[in-house]
Amino acid sequence: MPMRLLSFAVAAQLLVAMAPARAQGPLPVVASFSIVGDLVQQVGGPDIALQVLVGPGSDAHAVQPTPAMARSVAGARVLFSNGLGFEGWMARFLKSANFQGRHVVLSDGLKPLKTASTHGHAHDVDPHAWQDVAAAVHYVQAIQRGLCQADAPRCAAYGQRAQASVQRLQALDREIRAGWAAVPPERRKLISSHDAFGHYAAAYGVRFLAPQGLSTEAEASARGVAALVRQIKAENVRALFVETIADPRLIEQIGRETGVQPAGALYSDALSDASGPAASYEALMRHNTTLMLRALTR
Ligand SMILES: [Zn+2]
């Protein structure tokens, strides 16, 4: 019996020695929040095992990292985040979770967009770069590079899926531009909860006014809201939106004071769950654009 046990052990060791240096199982990967998670999954396909730290419907600006989140990153080979200060909690979290893998910041290399916030602090950097589809293309390319560096044997598969994703995103970008082309530029202005749409505004020629500033962590001031109400009346703004991650009461109050009815909920910083209208990045951009165009052309 001991002989047989020994030979099992030797055989097992031989099998381990013969296996390729890299495990054949899916690459363990983490994404900081739902929108990045979807783009990572598009490129990684079945070759990755993805965990998303801040899931659909949740606000990734303000997060209290949990032990479960620490366990998610502990064994991950690559972690993808947005950067630009969006996940302000990330650096400290990764340090405390003792993350040993590769951290890829998807917005690295993008030109930062400074937003003159209408009622908050002026000239902050707007972290919501994914609201411009061209930035999502940049993200997909960075995801491809990150996965290839961590998992060279499967680089060709990552490359193929990234290319297909970029083609879909370029078609989406053309679709959004075609939609806005039908709205006269002077009518392209609307209100949403927080300044999440600066990149969308710059890319597609739309003006957004927001009571809450660049982060959902900021409080809207009474004076700021009063000024916004005056501006809505003076400029005859016709479309008002709540956001799925923000408290709707402020927008509803502005709606009462201006007589402009809220026209629905925009998905700014998080996907919907799988049965909702923004279950993927592409669905999110289509849903938001359709809602805005409908409100402005009615
Ligand atoms: Zn935000």
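Everything here concerns the structure above.
The structure reproduced in this document is the subject of the present report.

Definitions and cut-offs
- Residues numbered from 1 in each chain as written.
- Predicted model: local features only at pLDDT ≥ 70, side-chain atom pairs only at ≥ 80, totals over all residues.
- Helix = DSSP H or I, 4+ residues; strand = E, 2+ residues; numbered from the N terminus.
- Contact = placed C-beta atoms within 7 Å.
- Buried ≥ 20, exposed ≤ 12 C-beta atoms within 10 Å, placed from the backbone.
- Pairing = 2+ DSSP bridges.
- Axes fitted to C-alpha atoms, helices over the stretch in contact; angles between N-to-C directions.
- Parallel < 35°, antiparallel > 145°, perpendicular 65-115°, else oblique.
- Left-handed = near helix turned anticlockwise from the far one by under 90°.
- Core = buried A, V, L, I, M, F, W, Y, C linked by C-beta atoms within 7 Å.
- Expected span 1.5 Å × (residues − 1).
- Right-handed = clockwise from strand over helix to strand, strands pointing away.
- Nonpolar A, V, L, I, M, F, W, Y, C, P; charged D, E, K, R; others polar.

### Overview of the overall build of the protein chain
Link 1 in the chain: The helix and strand inventory of the protein chain stands at 10 helices and 10 strands.
Link 2 in the chain: The contacts of the protein chain with a sequence gap of at least 6 include a subset with a gap of at least 24, amounting to 64%.

### Describing the environment of Gln64
Link 1 in the chain: Residue placement: Gln64 occurs in the loop between strand E2 (48–54) and helix H3 (67–74).
Link 2 in the chain: Given 7 C-beta atoms within a 10 Å radius, Gln64 is considered exposed.
Link 3 in the chain: Spatially, the C-alpha atom of Gln64 lies 9.2 Å from that of Phe93, the residues being 29 residues apart in sequence.

### A look at the sheet that holds strand E4 (residues 102–105)
Link 1 in the chain: Spatially, 4 strands are ordered E2-E1-E3-E4 in an open sheet, and the strand pairing comes out parallel. Since the sheet does not close on itself, it has two edges, and those belong to E2 and E4, each with one partner. Strand-to-strand twist of the sheet, defined as the mean angle between neighbouring strand axes without regard to direction, takes the value 20°.
Link 2 in the chain: Across 4 bridges, the pairing between strand E3 (residues 78–81) and E4 is parallel. Paired with Leu79 across the strands is His103, a residue of E4.
Link 3 in the chain: Lying over the sheet, H3 contacts strand E1 (27–33), E2 and E3, oriented at roughly 150° with respect to E2.

### Details of the packing of helix H8 (residues 222–235) against helix H9 (residues 249–258)
Link 1 in the chain: Viewed as axis vectors pointing N to C, H8 and H9 meet at an angle of 45°, and their least axial separation amounts to 10 Å. With respect to their mutual orientation, H8 and H9 come out oblique. In this structure, the crossing between H8 and H9 has a hand that is right-handed. Between H8 and H9, the residues in contact are Val225, Leu228, Val229, Ile232 and Lys233 and Leu250, Ile254, Glu257 and Thr258, respectively.

### Side note on unusual backbone geometry
Link 1 in the chain: Positive phi values are uncommon outside glycine, yet Asn98 reaches one of about 55°.
Link 2 in the chain: Mapped onto the secondary structure, Asn98 falls in the loop between helix H4 (90–96) and E4.
Link 3 in the chain: Non-glycine residue Asn236 carries a positive phi angle of around 55°.
Link 4 in the chain: Tracing the chain through its elements places Asn236 in the loop between H8 and strand E9 (240–243).
Link 5 in the chain: On the basis of neighbour count, Asn236 is assigned to the exposed category, with 10 C-beta atoms found within 10 Å.

### A short note on the nonpolar core
Link 1 in the chain: Among the nonpolar cores identified, the biggest contains 76 residues, and Leu39 and Ile143 are the most heavily contacted of them.
Link 2 in the chain: Ranked by residue count, the leading element in this core is helix H5 (residues 133–150), at 9 residues.
Link 3 in the chain: Among all residues touching Ile143, those that are not within four sequence positions of it are Leu39, Val40, Val43, Phe80, Leu106 and Ala162.

### A few points about helix H6 (residues 155–181)
Link 1 in the chain: Its 27 residues give H6 an end-to-end C-alpha distance of 39 Å, which sits within 8% of 39 Å, the value for a rise of 1.5 Å per residue.
Link 2 in the chain: Contacts from the buried residues of H6 go to helix H2 (34–44), H5, helix H7 (198–204) and helix H10 (281–297).

### Details of the pairing of E1
For a regular strand, the rule is simple: side chains alternate between the two faces of the sheet.
Link 1 in the chain: Counting buried residues along E1, 6 of its 7 residues qualify, which places the element largely inside the surrounding structure.
Link 2 in the chain: Pairing between E1 and E2: 6 bridges, direction parallel. The residue of E2 that forms the bridge with Leu27 is Ile48.
Link 3 in the chain: Each parallel crossover has a hand, and for E1 linked through H2 to E2 it is right-handed.
Link 4 in the chain: Sheet topology places E1 next to E3; 3 bridges connect them, and they run parallel. In the strand pairing of E3, Ala31 is matched with Phe80.

### A few points about the packing of H6 against H10
The angle between the axes and the distance between the axes are what describe a pair of packed helices.
Link 1 in the chain: In contact at an axis separation of 11 Å, H6 and H10 are set at 5° when each is read in the N-to-C sense. Between H6 and H10, the crossing angle belongs to the class labelled roughly parallel. Contacts between H6 and H10 pair Arg168, Leu172, Ile176 and Gly179 from the former with Glu282, Met285, Thr289 and Leu293 from the latter.
Link 2 in the chain: Within the contact of H6 with H10, the residues separate by chemical class into 4 nonpolar, 2 polar and 2 charged.

Any link to function would need more than the numbers given here.
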